Amino acid sequence: MTQKYTEADTEAFYDHEDSMYRSFWDSEGSLHWGYFDNLADARAQDFVPACHRWNESMLAWSGLTTESRVLDIGCGNGNTAIWLAQQTGCEVVGIDISAVRVGNAKALAQEYPSLRLSFQKASVTSLPFSDNSFTHVWSQATLYHVHQRELALKEIYRVLQEQGIFLFDDLITPVSEISAEGQKHVYQRLLFEPTFSYESYAKTLSEIGLMVLEAKDLSEHLNKSYQLLSELALSKYPKLSASYDKMCEAITARELGWSFYRCQKVSDRVSWIYGTNDEKTLQDKYNAWATIYDADLDETYRCSPVISAGALAKVLPNKAASILDVGAGTGMVGEALADLGYTNITAVDFSEEMLEVARKKQVYTALHQGNVAEPLTFSTPEAFDGIVVLGVFTFGHAHPKGLRNLFELLKSGGYFVLTLRVDYYESNDSLQEILEELSWSILDRVEFNIFETEPMVALVLKKH
């Protein structure tokens, strides 16, 4: 789409509107939309408290501490930056394209000499900071103004430290076609252009290397915000009130929305996964990785599912045999089995997002979300002729006791392919004890490397 607006256009527009906003709902010039605890019953007097609630919610999800160094993108008049520093003791560096607002922020900061604050006029598309400068990047209601959005996201990635957190909200475009009314009353009025949907935003963030740990579609809260703003503006600014009503119509038609994302900069996703300490975090990480998992690992890891599937094929020639792919993820093992001619494959994984990617490959007869640490209730005992387990029992993942639950699902005389990192296999006493406890024998042991130098072993076992 041809760029219609420049940063100078946006700067002039919001400098002009700033005084109007302050006069009827935001005297400090720091609020935008509200996060309501009761959407149905919210009234005009609830709007400003709901805006504060949104700030508090983002802060609760941020993990900010006194050691944090935060870049506030679109800092406006500096109120949020000051509030963040007051609440956590962190250092905050604010940028904005509006010289007026940066001047306001600098003047206000002088009233808080004990806080670590600085402000400067700058564009997020060309940040004046070195690589890895910040532990956190924070932004509210800003990025939709940026006409080179992906460049801005790449700049944020650049200045964020490894494992650093980027959290922000932004306007989104849920549908691909915008009506003339929507263009006029939303996009032209606010000087921005339709861009990401809720889903495509998350995908773009992941492709840049910002893993989406949490996402929320807040469009209902945006709709309520504009309903209440219309009421607040009506007596003094009837034209603005009418514009807000048109915004509500656009939201109802899904031509406009509001979303929140909490992301983490991750360059080495494999180490990031292995370094997980709890199950919920591991699940969140796999959900975040799902859309780009195959692209990340295709060249250096795909040999593992191919070899694992091949190991099963050597002992289970019946192509109609019932096979369970445990820890199926995005379906790499399922693809390898399908390529070998198998037609009755069931997938189980604890990540919904990974399973959604696997589902689109159409190689499974059924897919189930489940955790091997618990009995898998989607199946009866001794239901499968073969089970392949890859990437489940390793560092930071499932405890080996989950093998007992899987053993129950395998038919007598059935085959079990267990693929493991060699260092995990040789060093885990619990794994060795459970392998010896269960009634099966090792038929084959296939050794190979992933990531060029990491030794793996695929154990082929037969249940007695």
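Predicted, not measured: the structure shown is a model, and the values here were computed from it. Each chain has its residues counted from 1, following the order in which its sequence is written. Local features in this predicted model are restricted to residues of pLDDT 70 or higher, and side-chain atom pairs are both shown and tallied only at a pLDDT of 80 or more, whereas totals for entire chains, interfaces and linings draw on every residue. Note: side-chain values were computed over all heavy atoms of the structure, leaving out hydrogens and water.

Q: I'd love a proper account of the overall build of the protein chain, names of residues and values included.
A: Helical segments are the DSSP runs of H or I of at least four residues, strand segments are the runs of E of at least two, and each set is numbered from the N terminus. The helix and strand tally for the protein chain stands at 18 helices and 14 strands. On the principal axes, the C-alpha backbone points of the protein chain span a range of 80 × 45 × 40 Å. Taken over 464 residues, the protein chain has a buried fraction of 57%. Across the protein chain, every contact between residues at least 6 apart in sequence was considered, and the portion connecting residues at least 24 apart equals 72%. Reported accessibility uses the Shrake-Rupley method at a 1.4 Å probe radius. Residues are deemed covered only where the shown protein chains occlude them. For the protein chain, the exposed area adds up to about 19700 Å²; of that, 48% sits on carbon and sulfur atoms. Just so you know, the count uses Lys and Arg for positive and Asp and Glu for negative, and it drops His and the chain ends. By convention, charge coordinates are those of NZ in Lys, CZ in Arg, CG in Asp, or CD in Glu. With 39 positive and 64 negative side-chain charges, the protein chain shows a spacing of 2 Å between the two charge centroids. Between buried and exposed lies partly exposed: a residue is buried under 20% and exposed over 50% of the maximum accessible area for its type, with that area taken using a 1.4 Å probe on protein chains only. Residue contacts follow a heavy-atom distance rule, with two residues in contact if any of their heavy atoms lie within 4.5 Å.

Q: Tell me about helix H8 (residues 219–233), and name the residues and values.
A: For a helix, the expected span equals 1.5 Å multiplied by the residue count minus one. End to end, H8 covers 21 Å across 15 residues, agreeing with the expected 21 Å (1.5 Å per residue, within 8%). Counting buried positions over the 15 residues of H8 gives 11, a clear majority of the element. Among all positions in H8, only Ser219, His221, Leu222, Asn223, Lys224, Ser225, Tyr226, Leu228, Leu229, Ser230 and Ala233 are buried.

Q: Outline the packing of aromatic side chains, supporting the account with residue identities and numerical values.
A: A ring pair, where both rings are aromatic, is described by two values, the distance of the centres and the angle of the planes. Side-chain rings of Phe, Tyr and Trp (the six-membered ring for Trp) are treated as a pair once their centres are within 6.5 Å; stacked means planes under 30 degrees apart, edge-to-face means over 60, and tilted covers the remaining angles. Enumeration over the complete set of coordinates arrives at 25 aromatic pairs. Arranged with centres 5.4 Å apart and planes meeting at 65°, the rings of Trp33 and Trp258 form a pair that is edge-to-face. With Trp33 in the loop between helix H1 (7–24) and helix H2 (47–62) and Trp258 in strand S7 (residues 257–265), this pair connects stretches of sequence that are 225 residues apart. Across the pair, exposure class does not vary: Trp33 and Trp258 are buried alike. Judged by centre distance (4.8 Å) and plane angle (65°), the rings of Tyr144 and Phe192 are edge-to-face. Placement of Tyr144 in the loop between strand S4 (134–139) and helix H5 (149–159) and of Phe192 in the loop between helix H6 (180–188) and helix H7 (198–208) is noted, with a sequence separation of 48 residues between them.

Q: For helix H4 (residues 99–109), give the residues involved together with the corresponding values.
A: By the burial criterion, the buried members of H4 are Arg101, Val102, Ala105 and Ala109. Taken down its axis, H4 places every buried residue within 100° of arc, on the same side. Directions pointing from the helix axis toward each C-beta atom define the arc.

Q: Explain the sheet that holds strand S11 (residues 384–390) residue by residue, including any values.
A: Pairing between strands is defined by DSSP: at least two bridges between the two strands are required. Judged by pairing direction, the sheet is mixed, and its seven strands sit side by side in the order S10-S9-S8-S11-S12-S14-S13 without closing on themselves. The open sheet has two edge strands, strand S10 (366–369) and strand S13 (440–450), and neither has a second partner. Within the sheet, the average angular offset between the axes of one strand and its neighbour, ignoring direction, is 15°. As paired elements, S11 and strand S12 (residues 410–421) share six bridges and run parallel to each other. Following the sheet pairing, Ile387 is matched in S12 by Phe416. Whenever a helix is involved, its axis is fitted only over the stretch in contact; in every case the axis is a line through C-alpha atoms, and angles between N-to-C directions fall within 0 to 180 degrees. Of the strands in this sheet, strand S8 (323–326), S11, S12, S13 and strand S14 (454–463) touch helix H13 (residues 303–315), which is tilted by about 150° from S13.

Q: Report on the pairing of S4, specifying residues and quantitative values.
A: The side chains of a regular strand alternate between the sheet's two faces. Extensive coverage of S4 is indicated by the burial of six of its six residues. As defined by bridge partners, strand S1 (residues 69–73) adjoins S4 across four bridges and the pair is classed as parallel. Bridging from a neighbouring strand, Ile73 pairs with Ser139 of S4. The pairing of S4 with strand S5 (residues 160–172) spans five bridges and is parallel. What sits directly across from Val137, in S5, is Phe166. Orient the strands so they point away from the viewer; a crossover is then right-handed if the path from the first strand over the helix to the second runs clockwise. For the crossover that starts at S4, traverses H5 and ends in the parallel S5, the hand is right-handed.

Q: Quick one: what's the story with the environment of Ala81, residue by residue and with numbers?
A: Among the secondary structure elements, Ala81 is positioned in helix H3 (residues 79–88). In this structure Ala81 comes out as buried when scored by relative accessible area, which is 0%. Considered as a pair, Ala81 and Arg116 are 35 residues apart in the sequence and their alpha carbons are 9.8 Å apart. With near-sequence residues (within four places) excluded, Ala81 lies in contact with Asp72, Val92, Leu117 and Phe119.

Q: Give a description of the pairing of strand S9 (residues 345–349) that names residues and reports values.
A: For S9, a buried count of five out of five residues is recorded, marking the element as mostly surrounded by other parts of the structure. The alternating pattern of S9 places Ile345, Ala347 and Asp349 on one face and Thr346 and Val348 on the opposite face, and all of these are buried. Bridge count for S8 against S9 is four bridges, and the pairing is parallel. Of the residues in S9, the one forming a bridge with Asp325 is Ala347.

Q: Kindly report on the sheet that holds strand S3 (residues 117–121), identifying the contributing residues and their values.
A: One open sheet accounts for seven strands, arranged S3-S2-S1-S4-S5-S7-S6; its pairing is mixed. Either end of the sheet is taken by a strand with one partner, and the two such strands are S3 and strand S6 (210–217). Each neighbouring strand pair of the sheet contributes to a mean axis angle of 15°, computed without reference to strand direction. In this sheet, S3 lies alongside strand S2 (residues 91–96) in parallel orientation, the contact comprising five bridges.

Bear in mind that shape data such as this cannot, by itself, settle questions of function.
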